[in-house]
Amino acid sequence: MIPERSVARYSTGGQAVGERTRARPVGDGPLDSPVGASSLHVLRFLAAALRARAVVEIGTGSGESARWLLRGMLPEGVLTSIDADPANQRIARAALREEGVAPTRTRLITGCAVEMLPRFTEGGYDLVSVGVASTDYPAYLELGARLLRPGGVIVFAGVQLGGDPDDSGGALTAAIRDLVKAVQDDEGLIPVTLPTGPGLLAVAKG
Ligand SMILES: C[S@@+](CC[C@H](N)C(=O)[O-])C[C@H]1O[C@@H](n2cnc3c(N)ncnc32)[C@H](O)[C@@H]1O
């Protein structure tokens, strides 16, 4: 395993609960992000493979996945990241500044993703990254795919494709089922699932 240094901040319910520095192995190592270490590598890989200049992220959180997306993107690329919680975005902004990311490379937008996504340019993005477990999964697919250029990818990192074990009411599991069905029903979409972290679904727009 290749050790990698990382600085991670954590927030739960909008409250910062600490900061730490530690070695992180590449692969299925300890989690610095809710999406998991290996999923972060997939996000960087996709951004690099797509030579991404314009990326949308849903769920900024602590900014960890934003860091990895930016590492894969072209140097002039701009990441637009949406989060409903302004406290999380403050944490992410500080973490990205500390990382040395130029402010011109990020656009952090506070708001609810389903309300914000329709305002973005149709076909204007290379990659959409969904980093929040939500009953809005099907809406994220519809709204996110609309933003993609042909060949662009929407990725759902951390999606529990077999059903979410913590989903006592079943609403999230139903949303995941609807998401998978919507992908399967659309011949213009090319999906792949990867067993990284809790599970990852990537969908290319043909
Ligand atoms: C699991 S965390 C994201 C973690 C992030 N990818 C990282 O690596 O740090 C999910 C984030 O989604 C945000 N969120 C939840 N519902 C949302 C919504 N409807 N619209 C936008 N953001 C939302 C939460 O505030 C939280 O910061």
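Worth saying up front: this structure is predicted, and the values here are computed from it rather than measured.

Take the nonpolar core next. One finds Leu43, Ala47, Val55, Leu69, Leu127, Ile154 and Val155 to be the most contacted residues of the largest nonpolar core, which totals 51 residues. Setting aside anything within four residues of it in sequence, one finds Leu43 in contact with Ser65, Trp68, Leu69, Gly72, Ser129, Val155 and Ala157.

This paragraph deals with helix 3 (residues 86-99). The end-to-end C-alpha distance of helix 3 is 20 Å, a good match for the 20 Å that 14 residues give at a rise of 1.5 Å each. Those residues of helix 3 that sit buried are Asn88, Gln89, Ile91, Ala92, Ala95 and Leu96. Projection of helix 3 onto a plane perpendicular to its axis shows the buried side chains occupying an angular sector of 160 degrees, all on one side. Across from the buried face of helix 3, at angles greater than 90 degrees, the exposed residues are Pro86 and Glu98. The positive-phi residue at the C-terminal boundary of helix 3 is Gly100, with phi of around 90 degrees.

Looking now at the sheet that holds strand 8 (residues 189-194). Spatial strand order, 5-4-3-6-7-9-8: 7 strands in an open sheet with mixed pairing. The open sheet is flanked by strand 5 (106-110) and strand 8, the only strands paired with a single partner. The mean inter-strand angle of the sheet, taken between neighbouring strand axes irrespective of direction, is 15 degrees. Where strand 7 (residues 148-157) meets strand 9 (residues 200-205), 5 bridges bridge the pair, whose relative direction is antiparallel. Bridging from a neighbouring strand, Ala157 pairs with Leu200 of strand 9. With respect to the sheet, helix 5 (residues 137-147) is in contact with strand 3 (54-58), strand 6 (125-130), strand 7, strand 8 and strand 9, its orientation differing from that of strand 7 by roughly 155 degrees.

Moving on: the environment of Ala174. Relative to the assigned elements, Ala174 resides in helix 6 (residues 171-185). Of the residues examined, Ala174 has 15 C-beta atoms within 10 Å and is grouped as partly exposed. When the C-alpha atoms of Ala174 and Phe156 are compared, they prove to be 16 Å apart, with 18 residues separating the residues in sequence.

What counts, and at which threshold
- Residues numbered from 1 in each chain as written.
- Predicted model: local features only at pLDDT ≥ 70, side-chain atom pairs only at ≥ 80, totals over all residues.
- Core = buried A, V, L, I, M, F, W, Y, C linked by C-beta atoms within 7 Å.
- Buried ≥ 20, exposed ≤ 12 C-beta atoms within 10 Å, placed from the backbone.
- Contact = placed C-beta atoms within 7 Å.
- Helix = DSSP H or I, 4+ residues; strand = E, 2+ residues; numbered from the N terminus.
- Expected span 1.5 Å × (residues − 1).
- Arc of directions from axis to C-beta.
- Pairing = 2+ DSSP bridges.
- Axes fitted to C-alpha atoms, helices over the stretch in contact; angles between N-to-C directions.

Don't take any of this as a statement about function, it's just geometry.
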